[in-house]
Amino acid sequence: MKKSCNFLFYSQVLSFLILFVAVDSQLTTDFYSKTCPNVLRVVRKEVQNAIKNEMRMAASLLRLHFHDCFVSGCDASLLLDGNSTTSEKFTPANLNSARGFEVIDNIKTAVENACSGVVSCADILAIAARDSVLLSGGPFWKVLLGRRDGLAANFSGSNTALPAPFDPLNTIISKFDAVGLNVTDVVSLSGAHTIGLAKCATFDNRLRNFSGTGAPDTTLDTTLVSELQNLCPLTSDGNNTAPLDRNSTDLFDNHYFKNLINGRGLLESDQVLFSSDDAIQTTKTLVETYSNSSKFFFSDFVNSMIKMGNISPLVGSDGEIRKKCRVINSNN
């Protein structure tokens, strides 16, 4: 009972803080109620079509929102085309990894047809992320809207700000802290890996010579090691994929955390949440809590998504409303 009361108190306090931050940034849930009243319906239809065509796209669209917000805030800078020294698409965290840009293009076209020059690409990313979670069996929340689009990509920021699958836990926590997110946000948002796939290149460091030991990562289940070694042979180009949440690949649930407890987290950055020495004082208890209660996970995930979507948004007269998400209007 005490634990339940503490959770309710924590949730109420956090909800108040989120509301305060939302008001401070001028984002609102009804931002387009008069200027584009059908925007949520239009985006939902396009996301549904994309997921129907490829279930993995739900995870890809959710990831785009993450990778956008961690770099210069939620300003759709990730969507800008460019070259290998200017576009965020070419940084290691995104190259041959971030996907779903064509789906965002389709959504933008449909939204422009409904109400031209009104809805930002940054808001489209936020709505599409929510719908991807919901359509995969996850929770619903009202998306705060009113972001505007940035005028430039941040190549260097994308190189340094995004958490990597090889980062130790303290580095991951520091990168979250740099954008105003805490340890609870680290664990709950990592739960997004309950859907989607990852390439061998992101986890094969754990399979044979982990950290120069000459052996696999000891925190990885031995049966899973053998399966993944077959999937990712030494001669592999690293592009084969494995589910991030084995045995629950496409369903947004708390099974991801059960896998961590059983040593079946795919990425090193997943498993460290439970198995690293640093986890004992920081993240391990949350992993256990979420593994036992999808209700607690969903509640914290929603709060963390709202917080993340509120990282340094452009509002008012800052930035612009791009006509096409890949280019700023002056280059259109």
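Residues numbered from 1 in each chain as written. Predicted model: local features only at pLDDT ≥ 70, side-chain atom pairs only at ≥ 80, totals over all residues. Heavy atoms only, no water.

1. Side note on the overall build of the chain
Within the chain, the secondary structure is distributed over 13 helices and two strands. In summary, the chain has a C-alpha radius of gyration of 20 Å against a globular reference of 20 Å for 332 residues, a match within 12%. In the chain, which comprises 332 residues, the share counted as buried stands at 51%. Total accessible area on the chain stands at roughly 14900 Å², and carbon and sulfur atoms take up 54% of it. In the chain, the 30 positive side-chain charges and the 33 negative ones have mean positions that sit 6 Å from each other. (Helix = DSSP H or I, 4+ residues; strand = E, 2+ residues; numbered from the N terminus. Rg over C-alpha atoms; globule rule 2.2 N^0.38 Å. Buried < 20%, exposed > 50% of the residue type's maximum accessible area, 1.4 Å probe, protein only. Areas by Shrake-Rupley, 256 points an atom, 1.4 Å probe, with all protein chains shown as cover. Lys, Arg positive; Asp, Glu negative; His and termini not counted. Charge placed at Lys NZ, Arg CZ, Asp CG, Glu CD.)

2. Focus: helix H11 (residues 268-275)
Along an α-helix, residues three or four apart share an orientation, since each turn contains 3.6 residues. For H11, the buried fraction is high: seven of the eight residues fall into the buried class. Those residues of H11 hidden inside the fold are in contact with helix H7 (169-178), helix H8 (183-190), helix H10 (255-261) and helix H12 (284-292). (Contact = heavy atoms within 4.5 Å.)

3. Looking at the UniProt feature "binding site: substrate" (unreviewed entry) in the chain
What UniProt calls "binding site: substrate" (unreviewed entry) maps, in this numbering, to Pro163. Along the chain, the position of Pro163 falls in the loop between helix H6 (155-161) and H7. Take Pro163: its relative accessible area is 27%, and that puts it in the partly exposed class. Excluding residues within four positions of it along the chain, Pro163 makes contact with Phe70, Lys175 and Phe176. (UniProt positions renumbered as here; feature names shortened; annotations may be inferred.)

4. Thoughts on the environment of Ala126
Mapped onto the fold, Ala126 is located in helix H5 (residues 121-135). Remark: the alpha-carbon pair of Ala126 and Gly191, spanning 65 residues in sequence, is separated by 17 Å. Apart from the residues lying within four places of it in its own chain, the contact partners of Ala126 are His65, Val143 and Arg147.

5. Concerning the state of the cysteines
Summed over all chains, the structure comprises four disulfides. Covalently, Cys36 is tied to Cys115 through a disulfide, its sulfur atoms 1.7 Å apart. Given an S-S torsion of about -40°, the disulfide between Cys36 and Cys115 has left-handed geometry. With Cys36 in the loop between helix H1 (2-25) and helix H2 (39-53) and Cys115 in the loop between helix H4 (101-114) and H5, this residue pair connects regions lying 79 residues apart in the sequence. A relative accessible area of 3% means that Cys36 is categorised as buried. The partner cysteine of Cys200 in its disulfide is Cys232, sulfur to sulfur 2.0 Å. Measuring handedness by torsion sign, the sulfur bridge of Cys200 and Cys232 sits at about -75° and is left-handed. Residue Cys200 is found in the loop between strand S1 (197-199) and helix H9 (222-231), and its partner Cys232 is found in the loop between H9 and strand S2 (241-243); the two are separated by 32 residues along the sequence. (Disulfide = S-S within 2.5 Å.)

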